[in-house]
Amino acid sequence: MKSGYKKSATDINHLWSSMTVIKFALLIALLNLSALTDAIAGEAIVYSRCERTTTEMDVTADVILNGKRQTVTRRMSGLDIYDVLPDITNFLGDFSAPCDLIYRNPDGAETIIYDCSSSSTPTDSCAALDPAVSFDAEIIVFSVFRGSLRFYQEHLHSQAVHPDAEPEDLGYYDFPNKLLTTTGAHLHAYHIPSGQLRFIPFTPGVYDSGPTFISNQRIAFTSTRDDHTTTVVWGTTESRKGTRIWTMDVNSKNPDLSSHHSLSQEQHPFMLKNGRLAYSSWQIFGGLPFRYSNNGAGTHTTIDNLFHIYVQDPDGAENFPIYGQHSGDHAKSYFGADHKAAHFITQTSDERIWFADYYRSNNKGLGLLIGVMQEPEGQEGIGPQDASNDADVFVPRDIINFASWAHSDDMPSFPMNGPTVTHPNYADPLPFAGKLGHPAALPNNGLMVAWGKGACSTVAHHEIFSALGRIAPPFTSGSGGGVAMNLITSLEMDTPGCDVGLYRATQIPSQHPDDLEMIVDSKDWHEIMGRAVVPYADIHGVDHPDIIERADVRTSHPSLETGTPFGLLGAASITDRETHPKNGIHFFGEHQFNLQGTDTIDYTDDDLCGVRILGIMPNRNRNVVNEIANIAGERVSILGEFPVLNRHADGSRAIDASGHPDTSFLVRMPANMPYLMQGIDCDGRTLNTDQTWQSLRPGEQKTCNGCHVHSRPGRTQFETTFAASPEYTIPRLGEGNVPFLIGKSGDTVQTLSVPGYGVQIEFTQHIKPIFDQHCVACHSGSSPAGGLALNNTGGANNKPNTTWWCLVADKDQSCVAPENQIATGAGFTGMSFRRPQLTRYLRAFNSRGSLLYWKAANQRTDNRTDAQFSDDIDFGAKHPTSISAIELATLSRWIDIGAPGGGATELYDTQKPTLHLASTDSGSVSQLRVGTVDLGSGIDPNSLVVCVLGAGGSCNNLAGTAEKHGVTIVNLGAALSDPDTEIYARVQDMAGNTTEVYRTVDWFLNDAPTL
């Protein structure tokens, strides 16, 4: 790899530039820390330092004192409380800047690797963040965010200026805190021995950030390159820039989107010793944001706190949750903390995975540090049946809370208890214990942390005054209005609002802030994102993490030919499951379905008949709320359904190795496509459902041993099942037909196929015609039957009081006739529905639990009776209809996929086609096998382009037509042996979505990155 750092001309073809940075040393005197261990020499580190607001501010305002308006001035301190450090909310910008990247030698001498502060101007500033160190400790990669500076603004409350003023809002004030309004971010690589800096040229609007090494030659990072936007949570209108995990060579070649399953944001990946890539994943599909209700019945929780820790293979295969996906209860788990947002990952020598857990936005990415020993592969944690505390469900069994003196709440730090701690930067003892973040592994199982000294939250609370034996002044609790700086100013102490520095843990868990050992902590800067600059072996005892080959390289199944755009998905059983909510199914209760357990009704194993695969299409527009209207948050397409009631050729029921009826399956389906699975009955009605996006990579064979069995091994292994035997016929989805289950006749599950590459169901096109033909004769006019009008279908469906809105969005029963309303005891009027109930007529993703479906089917279908429970909705009188079985099936699937009602734009195809390149050649490449398939509109066969890039990027297309769902062979015209020769491919679907792939010859000749 060293040869890659020879000084040479800019490589235009691969969009790289080189420059030599002027090196100089900035010597920082070691600070003597009273009551803390003196700073000592250690290993070299790299870190980011962001400008800290140290100035005070004179605030002059006209306020009313003693009934008279007067002009008063007050000097405010602690303004660093409003500094913003990168976190899950302020991930792409709006954080404090400028920020420099610093290399610190073991003797404390420092070199500025990337200098943003000395050249920063209001219109042109930057922040150098996210350093990562190669396994040989020779290269540091990092991201540089660029943009302009603005001042932090906040409305000011009169009592922040004078405690005796009459309460009033004084309007917006500019604070001296400088925040970076970003226009993009690009990656840089610094070669430590030579001091040479290389970077990808800056492209406005593109954010490449959070790099981590997956080999000495290849990195993973997050990027907006795929240009998707995040899930629209039901009840909101926001769709932010989305980020996915990409991988590429350090010289920027062979870029590869490796988290096709990500439809919102992934942040800050980190390579684990076992070769898996850990990352922080924003999981906000469907019902997940409704695990709690923060703002009233039927509303979502704090959306930005729904970042959990996941792992995947470096190429994106086998994604799986490690922590947080199904845990957290607004109560402390067994290790003494409650999960908020999990972010900023490292792994110590003992293989414990550490991360920060904090409340979003207001707390500078600081809170608790959590250390998790990963469960066995395919397991997540304590099972519902074994967890005595709801907060412990699926929580890993071995977790350390690094410091109980810190917390992750949206509140100031705890008061400092125990020994007094004095910091040399401040005259007075520190009144707050502070918060923690940014863990980083050190040799010998050591841990470096960022310690924020001060309140470190813009949400204030007067508790600190009681701890100091003082009476709390007015306006020292709450948020906004200047309350946070009023809290610090009113302490009348020389103490920070929040000052972050880097420290070494001298014991784990930490007992008190005085057992932290300072590494670097300057009053002028926030030091964050530290990493040890040492060989990987110094921490982990091996030269590099385990190597996991790409899924397409390790393909061995006969149904996955070389170059295939498909993968295989399977399970040993769909009846060996942990899908039932811990506390059962109730009419109300947010934890069921939204936190843990997505069973829609009480059912038996005999009810489970098949599996439905849903293709989930990414949002592509920040204003996508104007295009879609559904409770899923994205467009949903049915890729297909297939039965799992396996039988031998003689008709006898297959029995698995555990003695249970065999319900295993193995399905071939398009790769590089976000998908969800649903367990269904023989009529295609949902009994349980995924809410976590998944995807297959080309050639991937992903199997599990149960249905959401995340706390224990499955009762049987897939390899022993009927689906793994030669008797089994593999269903093939994505090949121009969409199969559906339509009932059972004797032992045979009936199916029906319709042409296409996915079926979308939308209210106006598919449900309204059913209502028009069979329902509106009674359900219309001034006195519609049951008080439900099904003919209010003109214009946009998502407007109040339209039929769609009344069915899907009327949580407060405004459309319901008074005699049919249910007193729920929730909401301002006591008439609001709580999740998973949406309205009187619909239950989220649950046709068999929905009154609308019951009435259409003329029977209650949730396996309950009207007399069984007093607090739910009754079926009531018989309701005969002329709705056909096919129409009833359409209605049930419409409910089960999220009740889409966005009109024609709901049916847009936004999923890019799958394009996969492979070669069977060795030594040189003369022929490519090109796999293509598409969810949605299907491949445009005439759009395929494959060429060997020439001088200046010239491209002479060598391809013929693409296969709609298969592999075509493209001859390159010559044997290519130069590993740097680059091949370009492109294909479109019929909707115009385009996928491009760049591959060097080396990619094909060296199947996995070398170390």
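Calculation notes
- Residues numbered from 1 in each chain as written.
- Predicted model: local features only at pLDDT ≥ 70, side-chain atom pairs only at ≥ 80, totals over all residues.
- Heavy atoms only, no water.
- Helix = DSSP H or I, 4+ residues; strand = E, 2+ residues; numbered from the N terminus.
- Rg over C-alpha atoms; globule rule 2.2 N^0.38 Å.
- Buried < 20%, exposed > 50% of the residue type's maximum accessible area, 1.4 Å probe, protein only.
- Core = buried A, V, L, I, M, F, W, Y, C linked by side-chain atoms within 4.5 Å.
- Pairing = 2+ DSSP bridges.
- Axes fitted to C-alpha atoms, helices over the stretch in contact; angles between N-to-C directions.
- UniProt positions renumbered as here; feature names shortened; annotations may be inferred.
- Contact = heavy atoms within 4.5 Å.

Identification of the protein as Hydrazine synthase alpha subunit middle domain-containing protein from Nitrosomonas marina is taken from an unreviewed UniProt entry.

**Q** An account of the overall build of the protein is requested, with residue identities and associated values reported.
**A** The helix and strand inventory of the protein stands at 10 helices and 46 strands. Relative to the globule expectation of 30 Å for 1011 residues, the C-alpha radius of gyration of the protein, 30 Å, shows essentially globular dimensions. With the C-alpha coordinates aligned to their principal axes, the bounding extent of the protein is approximately 85 × 80 × 50 Å. Sorting the 1011 residues of the protein into buried and exposed places 63% on the buried side.

**Q** Talk me through the nonpolar core; I want residue IDs and the actual numbers.
**A** Ranked by size, the top nonpolar core spans 174 residues in total, and within it Phe402, Leu436 and Trp894 carry the most contacts. Core analysis: the second largest hydrophobic core is formed by 35 residues, Leu560, Phe665, Met677 and Val933 among them.

**Q** Which residues make up the pairing of strand E5 (residues 68–76), and what are the values?
**A** Pairing of strand E4 (residues 57–65) with E5, which is carried by nine bridges, proceeds in the antiparallel orientation. Bridge pairing in E5 links Thr60 to Thr73. Linking E4 to E5, which pair antiparallel, is a turn of two residues; within it Asn66 sits at a positive phi near 55 degrees.

**Q** Which residues make up the sheet that holds strand E34 (residues 635–643), and what are the values?
**A** The strand order E34-E33-E36-E37 describes an open sheet built from four strands, whose pairing is antiparallel. The open sheet has two free edges, formed respectively by E34 and strand E37 (686–689), since each of these has just one partner strand. Each adjacent strand pair in this sheet contributes to an overall mean axis angle of 30 degrees, direction not counted. Of the strand pairs in this sheet, strand E33 (residues 610–617) and E34 are connected by eight bridges, and their pairing is antiparallel. Looking across to E34, one finds that Arg612 is bridged to Glu641.

**Q** So, the UniProt feature "domain: Hydrazine synthase alpha subunit middle" (unreviewed entry) in the protein: which residues are in play, and what are the values?
**A** UniProt annotation of "domain: Hydrazine synthase alpha subunit middle" (unreviewed entry) refers to residues 611–708 when read in the numbering used here. For residues 611–708, the helix share is 0%, the strand share is 37%, and the end-to-end C-alpha distance is 13 Å.

**Q** Describe the side chain of His512, and please don't skip the residues or the numbers.
**A** Tracing the backbone through its elements, the reader meets His512 in the loop between strand E29 (498–505) and strand E30 (516–520). Among the residues examined, His512 registers a relative accessible area of 11% and is labelled buried. Those residues in contact with His512 that lie beyond four places of it in its chain are Trp405, Met416, Asn417, Gly418, Pro419 and Val421.

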